[in-house]
Amino acid sequence: KNEVEQSPQNLTAQEGEFITINCSYSVGISALHWLQQHPGGGIVSLFMLSSGKKKHGRLIATINIQEKHSSLHITASHPRDSAVYICAVMEYGNKLVFGAGTILRVKS
Amino acid sequence: GAGVSQSPSNKVTEKGKDVELRCDPISGHTALYWYRQSLGQGLEFLIYFQGNSAPDKSGLPSDRFSAERTGGSVSTLTIQRTQQEDSAVYLCASTATGAQGYTFGSGTRLTVV
C-alpha cells in the first residue's frame, strides 16, 4: 500500500463544475503539499498545509490531521485548470513522499 | 535568479556514459532537493541539501548516483554508467527556511538509449 493515496486517478469535469480531489496518507507528517503539473510543463506548488484550510483564488485546500486526509477543491472550474494535481506529504524529515497524481480535464 | 533553473532541459545519452545535470536554485534558498519522475510513475525523492549540513542521500537509487552542492548554491547531479532505467525527468526544487512551499525547476528530461 502506498503511503499517499489519491482519488480519483482521472477526473473529467464540465466547465463551471465544483471539483474535489482527495488525498489520504498513512504516516505521521509535518506538512502536506498540493502541487500542479501541466502537460509538458513544470511543477507549481499550490499549497502547503499543516492544519485547517487555505484558500487562493478559486482553489481551496483542507486537511484533517486526525483522519490523515486532505482535499483540494476547485470552484467554477475552467479548461485552464486541466493538469495533474499531486498530493505530497513531508514526513518528519526532509523529503516529500508523493501520491500518484490526479489527471484533471475540464471541458468547455 | 527569478526561479529555479535547470540545465540541460533535454539530454540524450548512450548507455554506459556519465551525465551531469545542473540546478541553479533561487538565490538565498538554503534547501535544495532533487526528485525524479519516471515515465508512467510518480515523483520520487533522490537527495536533499540544507545549508552546510550533510546531505540526506537516502533516496539515491544506486551508487552510480551522486550529487554535490557547491558554495551552498548550484547543485550538480551526476549519474555514472547510465542505464536505460535511469531515463526520467529529473526535477530540482528549492525553498527558503520556513517558506510556504517549494519552487520547482522545469526539469531535465534524460533519455538513455
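Because the structure is a prediction, the values reported are computed rather than measured. (Residues numbered from 1 in each chain as written. Chains lettered and ligands numbered in written order. Predicted model: local features only at pLDDT ≥ 70, side-chain atom pairs only at ≥ 80, totals over all residues. Heavy atoms only, no water.)

Structural notes on the sheet that holds strand β7 (residues 75–79) of chain B
All names here are of chain B. Sheet architecture is open: 4 strands sit in the order β1-β3-β7-β6, paired in antiparallel fashion. Of all strands in the sheet, those with a lone pairing partner are β1 (5–7) and β6 (65–69), marking the two edges. Each adjacent strand pair in this sheet contributes to an overall mean axis angle of 15°, direction not counted. (Pairing = 2+ DSSP bridges. Helix = DSSP H or I, 4+ residues; strand = E, 2+ residues; numbered from the N terminus. Axes fitted to C-alpha atoms, helices over the stretch in contact; angles between N-to-C directions.)

Describing the interface of chain B and chain A
Taken residue by residue, the interface counts 16 residues in chain B and 14 residues in chain A. Between chain B and chain A, the buried area comes to about 1,300 Å², and carbon and sulfur atoms account for 61% of it. Run the count over chain B and chain A and you get 0 salt bridges. Applying the counting criterion to the chain B and chain A interface returns 1 residue pair in polar contact (both at pLDDT 80 or more). Listed by contribution, the elements that provide at least two residues to the side of chain B that touches chain A are β4 (31–37) and β5 (43–50) of chain B. In the side of chain B that touches chain A, the residues fall into 9 nonpolar, 6 polar and 1 charged. (Contact = heavy atoms within 4.5 Å. Buried area = accessible area lost by both parts, 1.4 Å probe. Salt bridge = Lys/Arg side-chain N within 4 Å of Asp/Glu carboxyl O. Polar contact = N/O pair within 3.5 Å; in protein donor to acceptor, adjacent residues only side chain to side chain. Nonpolar A, V, L, I, M, F, W, Y, C, P; charged D, E, K, R; others polar.)

Description of the pattern of salt bridges
On inspection of all chains with the given rule, the structure shows 4 salt bridges over all chains. A salt bridge links R58 of chain A to D81 of chain A; the nearest nitrogen and oxygen atoms lie 2.8 Å apart. Of this pair, R58 of chain A sits in the loop between β6 (52–56) and β7 (59–64) while D81 of chain A sits in the loop between β8 (69–74) and β9 (83–91), placing them 23 residues apart in sequence. Residue class for D81 of chain A comes out buried when judged on its relative accessible area of 7%. With a shortest N-O distance of 2.6 Å, E44 of chain B and R36 of chain B are connected by a salt bridge. (Buried < 20%, exposed > 50% of the residue type's maximum accessible area, 1.4 Å probe, protein only.)

Some details on the nonpolar core
L32, W34, L72, Y85 and V89 of chain A are the most contacted members of the largest nonpolar core, which totals 25 residues. Contributions of two or more residues to this core are made by β3 (19–25), β4 (29–37), β5 (43–49), β7, β8, β9 and β11 (102–107) of chain A. With sequence-adjacent residues up to four places away left out, L72 of chain A is seen in contact with I19, T20, I21, W34, L46, F47, I60, A61 and Y85 of chain A. Membership of the second largest hydrophobic core comes to 20 residues, among which are L21, F65, Y90 and L110 of chain B. (Core = buried A, V, L, I, M, F, W, Y, C linked by side-chain atoms within 4.5 Å.)

Looking at the state of the cysteines
Think of a disulfide as a covalent bridge from one cysteine sulfur atom to another cysteine sulfur atom. All names here are of chain B. Applying the stated criterion across every chain yields a total of 2 disulfides over all chains. The residue that forms a disulfide with C23 is C92, at a sulfur-sulfur distance of 1.9 Å. Disulfide C23-C92: torsion about the S-S bond near -65°, hence left-handed. With C23 in strand β3 (residues 19–24) and C92 in strand β8 (residues 88–95), this pair connects stretches of sequence that are 69 residues apart. (Disulfide = S-S within 2.5 Å.)

Structural notes on the sheet that holds β3 of chain A
Residue and element names in this part refer to chain A. Taken in spatial order, the 5 strands of this open sheet run β1-β3-β8-β7-β6, and their pairing is antiparallel. Since the sheet does not close on itself, it has two edges, and those belong to β1 (4–7) and β6, each with one partner. Averaged over all neighbouring strand pairs, the angle between strand axes comes to 15°, with direction disregarded. Pairing of β6 with β7, which is carried by 5 bridges, proceeds in the antiparallel orientation. Opposite G52, over in β7, you have I63 as the bridge partner.

The values are spatial; any link to function lies outside them.
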